[in-house]
Amino acid sequence: MSEIQEVLGVVKRRNPGETEFLQAVTEVLESLGPLLARNKKYKDARILDRIVEPERQMQFRVAWTDDQGNIQVNRGYRIQFNSALGPYKGGLRFHPTVSASVLKFLAFEQVFKNSLTTLMMGGGKGGSDFDPKGKSDAEVMRFCQSFMTELHRHIGANTDVPAGDIGVGGREIGFLFGQYKRLTREFTGVLTGKGLNWGGSLIRPEATGYGAVYFAQEMLKTRGQNLEGKICTVSGAGNVAQYTVEKLLDLGAKVVSLSDSEGTIYDKNGIDREKLDYVMDLKNVRRGRIKLYAEEYKAEFLPGKNPWGIKCDCAFPSATQNEISGKDAKTLIDNGCAVVAEGANMPTDPEGVERFLAAGILYGPGKAANAGGVATSGLEMAQNAMRLAWTREEVDNRLHMIMTEIHRNCFETAEEYNAPGNLVVGANIAGFIKVADAMLDQGLV
Ligand code: NDP
Ligand code: 2IT
């Protein structure tokens with residue numbers, strides 16, 4: 001049996017039933033073959049066995065009271081996966097589907113993503129099965145305070161720096177930061193995605209979406225094309241989806257869809273700036289459902305459907321994991337879709353990835369295409385450390401440069417390892433080399 005299959009066997013045995021985690025590990029390890037064949041040093045130091053095991057994993061009870069005075073109990077987690085390149089860094093997800101498996105897949109992906117950003121960040125992820133949907137601000141605050149009362153022991157500006165993810169945006173980061181400060185009596189850059197007047201970075205809210213579009217631009221450039229006039233589908237309607245649409249509009253593309261867990265809106269006329277402002281207000285202020293868009297603008301609503309049946313040139317999955325199945329991938333390809341840039345983490349299932357690669361379309365995997373969010377978190381940490389704030393242009397230029405560099409690195413690494421155009425292989429090998437070499441340098445820890 002090959003070394004890779006042996007390690008995958010151990011991962012399966014040690015993490016029973018953790019399908020998402022196993023999926024993410026399988027995808028990364030199975031693309032490392034050509035690298036391992038050329039480098040015995042990784043096998044000698046058993047880097048594969050070590051890199052698939054989180055350095056530390058916390059699970060804790062989060063008890064809080066709702067507005068009716070009832071006691072509620074949720075489960076909180078923080079996975080500190082790998083610190084070879086810097087303090088653990090990665091978001092917090094609040095969603096009823098959160099489990100150890102989901103957070104371990106996200107933390108594992110984060111290790112390689114953060115490595116690609118060119119900045120010094122290790123990988124981690126955390127969250128809770130708490131569902132912010134339908135909760136009052138006061139309930140969200142009490143939950144966040146209870147969650148942070150345990151989490152604060154495990155994090156710190158030079159130890160582990162959480163941020164947002166699904167269900168965690170500016171409101172939640174504010175409540176979490178307030179409680180951290182109260183417990184530790186320290187005002188530090190322990191979280192990113194902070195408010196602009198108390199240590200946040202300009203462009204951090206925009207960064208993941210903008211970054212995914214910059215990455216798509218870089219992929220298109222290799223074929224002498226750009227985004228102007230391209231028909232684009234976007235899934236999700238949250239942070240990543242909104243700023244993906246904003247940047248696509250800036251670059252002259254036509255966006256025809258958004259979605260949430262209830263269904264998809266299909267706007268044949270295209271989502272313009274005014275309609276996007278409506279979505280931002282609907283989702284970020286009123287916290288309503290995307291189907292209201294269809295009523296407001298006489299667009300189609302496809303209940304229970306994702307956007308992948310809509311004909312498009314480019315697709316930007318920006319909702320959640322495994323939202324593009326093998327069948328969806330086939331539909332996209334058959335309809336002429338030539339670009340997929342993943343704003344979400346692992347949105348395409350393994351059969352879907354295989355189909356995109358076999359069809360030779362421009363496919364940007366999440367750990368490369370959505371790295372702009374965490375990269376800009378790294379820029380927020382840099383500004384906090386200097387006690388300075390850069391301008392919007394400065395941060396956006398750096399984000400743009402980082403996305404261009406990530407694409408170049410993935411593209412060239414794929415060529416070097418005999419998989420030209422395969423950015424899955426490029427991202428996994430390039431991300432792995434930096435982490436693995438740092439682990440070699442730092443000894444058996
Ligand atoms: P938000 O909470 O702002 O938005 C999430 C959106 O996705 C909502 O429209 C939500 O719909 C939809 N969604 C979530 N879960 C499901 C589900 N199980 N089925 C269908 N729709 C779903 O999160 P973000 O925009 O921040 O995150 C979106 C994706 O991007 C995630 O995969 C995240 O890991 C990834 N990402 C985020 C980064 C960031 O900086 N925020 C950075 C890099 C990646 P509904 O409201 O109905 O639940
Ligand atoms: O998946 C991700 O990269 C994020 N949710 C952002 C993490 C961060 O630390 O900014």
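For the structure itself, consult the block above.
My aim in this report is to walk through the structure given alongside it, one point at a time.

Conventions adopted
- Residues numbered from 1 in each chain as written.
- Chains lettered and ligands numbered in written order.
- Predicted model: local features only at pLDDT ≥ 70, side-chain atom pairs only at ≥ 80, totals over all residues.
- Heavy atoms only, no water.
- Helix = DSSP H or I, 4+ residues; strand = E, 2+ residues; numbered from the N terminus.
- Rg over C-alpha atoms; globule rule 2.2 N^0.38 Å.
- Buried < 20%, exposed > 50% of the residue type's maximum accessible area, 1.4 Å probe, protein only.
- Near = heavy atom within 4 Å.
- Polar contact = N/O pair within 3.5 Å; in protein donor to acceptor, adjacent residues only side chain to side chain.
- Areas by Shrake-Rupley, 256 points an atom, 1.4 Å probe, with all protein chains shown as cover.
- Nonpolar A, V, L, I, M, F, W, Y, C, P; charged D, E, K, R; others polar.
- 1 Å grid on protein atoms, 1.4 Å probe; cavity = no way out; pocket = protein on both sides within 12 Å on 5 of 7 lines; lining within 4 Å.
- Points joined across faces, edges and corners; volume = space filled by probe spheres on them.
- Salt bridge = Lys/Arg side-chain N within 4 Å of Asp/Glu carboxyl O.
- Axes fitted to C-alpha atoms, helices over the stretch in contact; angles between N-to-C directions.
- Parallel < 35°, antiparallel > 145°, perpendicular 65-115°, else oblique.
- Contact = heavy atoms within 4.5 Å.
- Pairing = 2+ DSSP bridges.
- Patch = residues over 30% accessible without salt bridge, like charges linked within 9 Å, V, L, I, M, F, W, Y side chains within 5 Å.
- Lys, Arg positive; Asp, Glu negative; His and termini not counted.
- Charge placed at Lys NZ, Arg CZ, Asp CG, Glu CD.

The next thing to look at is the overall build of the chain. If you tally the helices and strands in the chain, you get 18 helices and 13 strands. For 445 residues, the compact-globule estimate of 2.2 N^0.38 gives 22 Å, and the chain sits close to it at 21 Å. Viewed in the frame of its principal axes, the chain has a C-alpha envelope of about 60 × 55 × 45 Å. Among the 445 residues that make up the chain, the fraction classed as buried is 56%.

This brings us to the site of ligand 1. Near ligand 1 you find 25 residues, and of these Asp165, Arg204, Ser261, Arg289 and Asn345 are the closest. Contact between ligand 1 and Val240: an oxygen atom at 2.9 Å from a main-chain N or O atom of the residue. Between ligand 1 and Arg289 there is a distance of 2.5 Å, counted from an oxygen atom to a side-chain nitrogen or oxygen. Burial of ligand 1 by the protein chains amounts to 84% of its free accessible area of 890 Å². Here the shell around ligand 1 is built from residues that sort into 5 nonpolar, 13 polar and 7 charged.

What follows deals with the layout of surface pockets. Gaps between atoms show up when a probe of the same size as a water molecule is rolled over them. By volume, the second largest pocket amounts to about 400 Å³. Along the walls of the second largest pocket sit 18 residues, with Ala157, Gly189, Met381, Asn384 and Ala385 positioned nearest its centre. In terms of residue count, the dominant contributor to the lining of the second largest pocket is helix α16 (residues 371-386) (5 residues).

The environment of ligand 2 is made up of 14 residues, and the closest members are Lys89, Lys113, Asp165, Arg204 and Ser377. Between ligand 2 and Gly164 there is a distance of 3.1 Å, counted from a nitrogen atom to a backbone nitrogen or oxygen. In this structure, Arg204 approaches ligand 2 through a side-chain N or O atom, which is 2.9 Å from an oxygen atom. Within the complex, the protein chains bury 94% of what would otherwise be the 290 Å² of accessible surface of ligand 2. Mapped onto the shell around ligand 2, the elements with two or more residues apiece are β3 (88-94), α6 (100-116) and α16. Broken down by class, the residue content of the shell around ligand 2 amounts to 2 nonpolar, 7 polar and 5 charged.

In this section: the pattern of salt bridges. Here the structure, examined in full by the defined rule, presents 32 salt bridges. We note a salt bridge from Lys367 to Glu27, for which the minimum N-O separation is 3.3 Å. With Lys367 in helix α15 (residues 366-369) and Glu27 in helix α2 (residues 19-30), the pair connects residues that are 340 residues apart, well separated along the chain. A relative accessible area of 1% places Lys367 in the buried class. Across the pair Asp260 and Lys283 runs a salt bridge, and its minimum N-O distance is 2.9 Å. One end of the pair, Asp260, is in strand β8 (residues 257-260); the other, Lys283, is in helix α11 (residues 273-285), and 23 residues separate them in sequence. For the pair Asp260 and Lys283, one class covers both residues: buried.

Following both chains from N to C, one finds α2 and α6 inclined at 25 degrees, their axes separated by 6 Å at the closest point. Compared by their axis directions, α2 and α6 come out roughly parallel. Contacts from Thr19, Glu20, Phe21, Ala24, Val25 and Val28 of α2 reach α6 at Ser101, Val102, Lys104, Phe105, Phe108, Glu109 and Phe112. Here the contact of α2 with α6 is built from residues that sort into 8 nonpolar, 2 polar and 3 charged.

Let us look at the sheet that holds strand β9 (residues 263-266). Taken in spatial order, the 3 strands make up an open sheet running β8-β9-β10, and their pairing is antiparallel. Of all strands in the sheet, those bounded by a partner on one side alone are β8 and β10 (300-303). Each strand of the sheet is rotated relative to its neighbour by a mean of 20 degrees, with strand direction disregarded. Inspection of the sheet shows β8 paired to β9 by 4 bridges, in the antiparallel sense. Bridged to Leu258 within β9 is Ile265.

With that settled, consider empty space enclosed by the protein. For the coordinates displayed, the defined rule picks out 1 cavity of 30 Å³ or more. In this structure, the largest cavity occupies an estimated 60 Å³ of space. Every residue along the wall of the largest cavity is listed here: Glu27, Glu109, Glu342, Met346, Thr348, Val353, Tyr363, Pro365, Gly366 and Lys367.

A cluster of acidic side chains, namely Asp272, Glu274, Glu295 and Glu296, defines a negative patch on the protein surface. Glu295 gets classed as exposed once you look at its relative accessible area, which sits at 52%.

Let us now look at the environment of Ala436. The residue Ala436 is located in helix α18 (residues 423-441) in this model. Accessibility expressed as a relative area gives 0% for Ala436, which makes it buried. Distance in space between the C-alpha atoms of Ala436 and Lys41 is 9.8 Å, their sequence separation being 395 residues. Among all residues touching Ala436, those that are not within four sequence positions of it are Tyr42 and Ile47.

By themselves, these figures tell us nothing about what the structure is for.
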